[in-house]
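Residues per chain, in single letters:
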2 protein chains.
Amino acid sequence: MAKLTGKVLIAQGGGPTAVINQSLVGAVLESRKFPEVTRVYGAMYGVKGIVNEDFLDLSQETTHNLEQVGNCPSSALLSTRDKPDDAYCREIFRVCQAHDVRYFFYIGGNDSSDTVKIVNDNAEAAGYDMRCIHIPKTIDNDLVVNDHTPGYGSAARFVAQAFMGINLDNRALPGVFIGVVMGRNAGFLTAAASLGKKYPDDGPHFVYVPERPFSEEQFLGDVKAAVDRFGRCVVAVSEGVVDKEGKPVMVSLTGGKDKDAHGNVQLSGTGALGDMLGELVKNKLKIKRVRSDTLGYLQRSYLGVVSDVDQHEAREVGEKAAQFAIWHDVDGSITIQRTGNYSVDYKIVRLEEIAAKTRTMPA
Amino acid sequence: MAKLTGKVLIAQGGGPTAVINQSLVGAVLESRKFPEVTRVYGAMYGVKGIVNEDFLDLSQETTHNLEQVGNCPSSALLSTRDKPDDAYCREIFRVCQAHDVRYFFYIGGNDSSDTVKIVNDNAEAAGYDMRCIHIPKTIDNDLVVNDHTPGYGSAARFVAQAFMGINLDNRALPGVFIGVVMGRNAGFLTAAASLGKKYPDDGPHFVYVPERPFSEEQFLGDVKAAVDRFGRCVVAVSEGVVDKEGKPVMVSLTGGKDKDAHGNVQLSGTGALGDMLGELVKNKLKIKRVRSDTLGYLQRSYLGVVSDVDQHEAREVGEKAAQFAIWHDVDGSITIQRTGNYSVDYKIVRLEEIAAKTRTMPA
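Residues numbered from 1 in each chain as written. Chains lettered and ligands numbered in written order. Predicted model: local features only at pLDDT ≥ 70, side-chain atom pairs only at ≥ 80, totals over all residues. Heavy atoms only, no water.

Student: It is not clear to me how the nonpolar core should be interpreted in this structure. Could you clarify?
Tutor: Where a protein is soluble and globular, its nonpolar side chains tend to be buried together. The biggest cluster of nonpolar side chains holds 48 residues, and the ones touching the most others in it are A:Phe158, A:Leu189, A:Leu298, B:Phe158, B:Phe163, B:Leu189 and B:Leu298. Only α6 (152-172), β6 (176-181), α7 (188-191) and β8 (233-238) of chain A together with α6 (152-172), β6 (176-181), α7 (188-191) and β8 (233-238) of chain B provide two or more residues apiece to this core. (Core = buried A, V, L, I, M, F, W, Y, C linked by side-chain atoms within 4.5 Å. Buried < 20%, exposed > 50% of the residue type's maximum accessible area, 1.4 Å probe, protein only. Helix = DSSP H or I, 4+ residues; strand = E, 2+ residues; numbered from the N terminus.)

Student: Explanation requested: the relation of the copies chain A and chain B in the structure shown.
Tutor: Note on the chain copies: they are related by a rotation about an axis and a translation along it. Once turned by 180° and shifted 0.0 Å along the axis, chain A lies on chain B with an RMSD of 0.0 Å. Read as a symmetry element, the transformation amounts to a two-fold axis. Taking C-alpha positions as reference, the residue of chain A nearest the rotation axis is A:Gly271, located at 2.2 Å. An overlap of 100% is found between the interface residues of chain A and their copies at the interface of chain B, pointing to a shared contact surface. (Least-squares fit on C-alpha atoms with pLDDT ≥ 70 in both. Contact = heavy atoms within 4.5 Å.)

Student: Is there a simple way to think about the interface of chain A and chain B in this case?
Tutor: The figure often quoted for interface size is the accessible area lost as the parts come together. Contacts between chain A and chain B engage 56 residues on the former and 56 residues on the latter. Summed over both partners, the interface of chain A with chain B comes to about 3,900 Å²; 52% of that surface belongs to carbon and sulfur atoms. Sorting the residues of chain A by area buried against chain B places A:Leu173, A:Tyr297 and A:Tyr302 first, and these three jointly supply 14% of that buried surface. Counting every contact that joins chain A to chain B gives two salt bridges. Where B:Asp169 meets A:Arg300, a salt bridge forms, and the shortest distance between an N and an O atom there is 2.7 Å. The tally of links from chain A across to chain B stands at 26 residue pairs in polar contact (both at pLDDT 80 or more). Of all the elements in the fold, those that place two or more residues in the side of chain A that touches chain B are α6, α10 (272-285), β9 (290-294) and α11 (298-301) of chain A. In terms of residue count, the dominant contributor to the side of chain A that touches chain B is α6(A) (eleven residues). In terms of residue class, the side of chain A that touches chain B is made up of 23 nonpolar, 18 polar and 15 charged. (Buried area = accessible area lost by both parts, 1.4 Å probe. Salt bridge = Lys/Arg side-chain N within 4 Å of Asp/Glu carboxyl O. Polar contact = N/O pair within 3.5 Å; in protein donor to acceptor, adjacent residues only side chain to side chain. Nonpolar A, V, L, I, M, F, W, Y, C, P; charged D, E, K, R; others polar.)

Student: Please clarify how the pairing of strand β2 (residues 37-43) of chain A should be interpreted in this entry.
Tutor: The side chains of a regular strand alternate, residue by residue, between the two faces of the sheet. All names here are of chain A. Judged by how many residues are buried, β2 sits mostly within the fold: five of seven residues are covered. Across five bridges, the pairing between strand β1 (residues 6-12) and β2 is parallel. For Ile 10, the partnering residue across the bridge sits in β2 and is Gly 42. Between the parallel elements β1 and β2, the chain passes through helix α1 (residues 20-31) in a crossover that is right-handed. Pairing geometry for β2 and strand β3 (residues 55-57), over three bridges, is antiparallel. Bridge pairing in β3 links Gly 42 to Leu 56. (Pairing = 2+ DSSP bridges. Right-handed = clockwise from strand over helix to strand, strands pointing away.)

Student: Where do I start with the sheet that holds β8(A) in this structure?
Tutor: Two modes of strand pairing occur in sheets, parallel and antiparallel, and in both the strands are linked by backbone hydrogen bonds. Residue and element names in this part refer to chain A. Taken together, four strands build an open sheet; the order of strands is β7-β8-β6-β9 and the sheet is parallel. Where the open sheet ends on each side, the last strands, each with one partner, are β7 (206-208) and β9. Within the sheet, the average angular offset between the axes of one strand and its neighbour, ignoring direction, is 15°. Direction of pairing for β6 relative to β9: parallel, over a ladder of five bridges. What sits directly across from Gly 179, in β9, is Asp 293. Its contacts with the sheet place α10 against β6, β8 and β9, and it is angled at close to 155° to β6. (Axes fitted to C-alpha atoms, helices over the stretch in contact; angles between N-to-C directions.)

Student: Would you mind going over α6(B) with me for this structure?
Tutor: Given 3.6 residues per turn, any residue in an α-helix points the same way as the ones three and four places further on. Taking 1.5 Å per residue as the helical rise, α6(B) with its 21 residues ought to reach 30 Å, and the 30 Å between its terminal C-alpha atoms agrees with that figure. Along α6(B), 16 of the 21 residues are buried, which leaves the element largely enclosed by surrounding structure. (Expected span 1.5 Å × (residues − 1).)

Student: Would you mind going over the state of the cysteines with me for this structure?
Tutor: Applying the stated criterion across every chain, the model contains zero disulfides over all chains. Not engaged in a disulfide, the cysteine A:Cys96 finds its nearest cysteine sulfur in A:Cys132; these two sulfurs lie 7.5 Å apart. Among the residues examined, A:Cys96 registers a relative accessible area of 1% and is labelled buried. Just so you know, B:Cys89 is unpaired, no disulfide at all, and the nearest cysteine sulfur is the one on B:Cys132, 9.5 Å from it. The class of B:Cys89 is buried, set by a relative accessible area of 1%. (Disulfide = S-S within 2.5 Å.)

Student: Whenever I open this one, the packing of aromatic side chains confuses me. Can you help?
Tutor: Any aromatic ring pair is given by two values, namely how distant the centres are and how the planes are angled relative to each other. Tallied over the full model, the rule gives 23 aromatic pairs over all chains. Plain terms: the ring middles of A:Phe177 and B:Tyr297 are 6.2 Å apart, the flat faces sit at 75° to each other, and that makes the pair edge-to-face. Highlighted residues: A:Phe177 in strand β6 and B:Tyr297 in the loop between β9 (290-294) and α11 (298-301), drawn from two different chains. Here A:Phe177 and B:Tyr297 have matching classes, each one buried. Summarising the aromatic geometry, the rings of B:Phe158 and B:Tyr302 are spaced 5.2 Å apart at their centres and angled 40° between planes, so their arrangement reads as tilted. (Phe/Tyr/Trp six-rings, centres within 6.5 Å; stacked < 30°, edge-to-face > 60°.)

Student: What should I look at first to understand the pattern of salt bridges in this one?
Tutor: Any two side chains of opposite charge can pair, on the condition that their charged atoms come close. For the structure on display, the rule yields 32 salt bridges over all chains. Between A:Asp57 and A:Arg39 there is a salt bridge, and its shortest N-O distance comes to 2.8 Å. Of the two residues, A:Asp57 is situated in strand β3 and A:Arg39 in strand β2; the sequence distance between them amounts to 18 residues. The partly exposed category is assigned to A:Arg39, whose relative accessible area is 34%. Salt-bridge contacts for B:Lys33 lead to B:Glu30; the nearest nitrogen and oxygen are separated by 3.0 Å. Its relative accessible area of 60% is what places B:Lys33 among the exposed residues. By sharing partners, the salt bridges in this structure join A:Asp129, A:Arg131, A:Asp329 and A:Asp331 into a single network.

Student: Can you walk me through unusual backbone geometry in this structure?
Tutor: Residues apart from glycine generally show negative phi values, whereas peptide bonds are mostly found in trans. With omega at 5°, the peptide bond leading from B:Gly203 into B:Pro204 counts as cis. Summarising the element assignment, B:Pro204 is placed in the loop between α7 and β7 (206-208). Looking along the chain, the bond that leaves B:Asn341 and enters B:Tyr342 is cis, with omega of 5°. Along the polypeptide, B:Tyr342 turns up in the loop between β10 (332-340) and β11 (343-349). A positive phi is found at A:Tyr45, a non-glycine position, where the angle reads about 55°. Its place among the elements puts A:Tyr45 in the loop between β2 and α2 (47-51). Phi is positive for A:Ser74, close to 75°, though the residue is something other than glycine. Tracing the backbone shows A:Ser74 in the loop between α3 (63-70) and α4 (86-98). Overall, A:Ser74 belongs to the buried group, its relative accessible area being 1%.

Student: Hey, could you run me through the sheet that holds β10(B) in this one?
Tutor: Residue and element names in this part refer to chain B. Taken in spatial order, the seven strands of this open sheet run β3-β2-β1-β4-β5-β10-β11, and their pairing is mixed. Edge positions in the sheet fall to β3 (55-57) and β11, since each of these pairs with one other strand and no more. Taking each pair of neighbouring strands and ignoring which way they run, the sheet shows an average axis angle of 30°. Note: strand β5 (residues 131-136) against β10, two bridges, orientation parallel. Directly across from Ile 133, in β10, lies its bridge partner Gly 332. Here helix α1 (residues 20-31) sits on the sheet and contacts β1 (6-12), β2 (37-43), β4 (101-108) and β5; the angle it forms with β1, its principal contact strand, is near 175°.

Scope: geometric values only; no functional claims are made or implied.
Written out as structure tokens, the structure reads:
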């Protein structure tokens, strides 16, 4: 089979994770093994660095240096929230053609997989032969087809350990604790708050996810029931909880002023949701000691509680991207599929199966 | 030298830390070695459990079980914010006398050391022979005489690692990040945000502590300078920052409604300070991507990033309490004094040297 000879271009998009650099390093090191690969470029700031021709030549980086990068949280090539439209994609192209890029690997979530798909569609339409691979990452665990996604395991571990400590803290100084967890559309990460529960009276006593409409009455009733029973209450709430009209509770609160290029409302980086729920409990239930913490950016960037399995799976999806593109000459999205307890296999699926789709938690 | 024979009573007060149970276990195991000790009681909910005679007989706990408790964050005997007045102390007494308690160990911060002092004064006034020892703990590191306090090391490590990750996250998706750190009067914990800085452009770029008056103008000027220079800015702010009149910025914000029995205003468990500073940056500097996270209770209860040195020092101050009280027949507060780089020694000082005093950071 004739193989494409040319450059590899890698970029990272969307929110960072604790293991996203493992995927980068996996893809770079694996790509460098192939004689078809003339150079491995990293684009700075995601797709923005492509159109600006802001490249780093990763062919020259030492393996040791790359390994150190792999162990760091957050996106080493930096990131972007830009969502390329067709004009943007034509520009990505012209740059790829000019640099003889034949393999484009983009590490990101469902927004990024959509970007890869648009670039790939444009490449095909223009008759330019280029393999485009989406490498999954997201702490939200919301990519369809995948059993789970790289980045989720470490974030889930952070959240689980956080609530284990918070449960003990709340036990020592009883009251109501409201912990707000990241998760725009899917409650997987918030559900992880329960992973460390050991005894029947351990918190979190209630978990609120975006998949179920949030009602103030039910919330207050739940809190009251736990306080009556245990003398205290710990709840975990997704930042993306919605009311029964499907409107995010945060949007009604902030007026939804801050949106990124994807039309996403700012849910993180503010304590507003937790504070509002805390005030509600104080005022309606007349409970004195009410605390709310928003776990915030630590969930995706905390250094030091990375999951080993997550780390090596992130590495492997990066390696697989290079293998599928260069060996097998196909486009697509790398997925993690579970084959046993516990074992996984990596399969490539067509981009349209992943792009811009959101997986939510099954009931 | 005649030694007092009777029971040991141990309690934990104030906010939990990640290593406070090491001090408990150290004091219990060491006490059980002395033939003068007839029983080791743990009071539930701090001093509240003493007046309620809510005791746990720790003489019967297995060593293995105690060791497991030692490794858990938060106060295993639960805690209280009660501050005993003289009437409360006379009540503590009657209970101690009734149970033949001759050794009272109270693990806590400066509020708790004050409690120990009042109990001890009352014991002396009543002619009741009882040794009272304050065992230090506080993530704020604000006990006078001490080089540092058990609980601080682990909290500082949590904060340092948090800001290392946040710095990388902010580097990938540039903007302004405001991290609010615990610390009512002392900025030691907030200062720890800088411990992981490696390169000149690493955040936090500015650290605001309660020891220096906080001015909005200076804050905005600092943020602008960092954004102009680095294209981004990470700041660490103590929850207890005060304006030039000495009024906590949080008090002017919330009206200072929630106070505990010590007259302390609620500073933690709300994102209000961070959100207010974030709004300020958005509105005054017209910067779009502004995020604030309040590190919250994770700082004192997070499971999994405990400092080894902190853990064994916490254990040792507990052991020393038993040794000073039972062997040496003295009252006082155990202190950590530095003797080298890195070595420490434990000395007992008179309670009035510690009680209700706050150490702040030297300039």
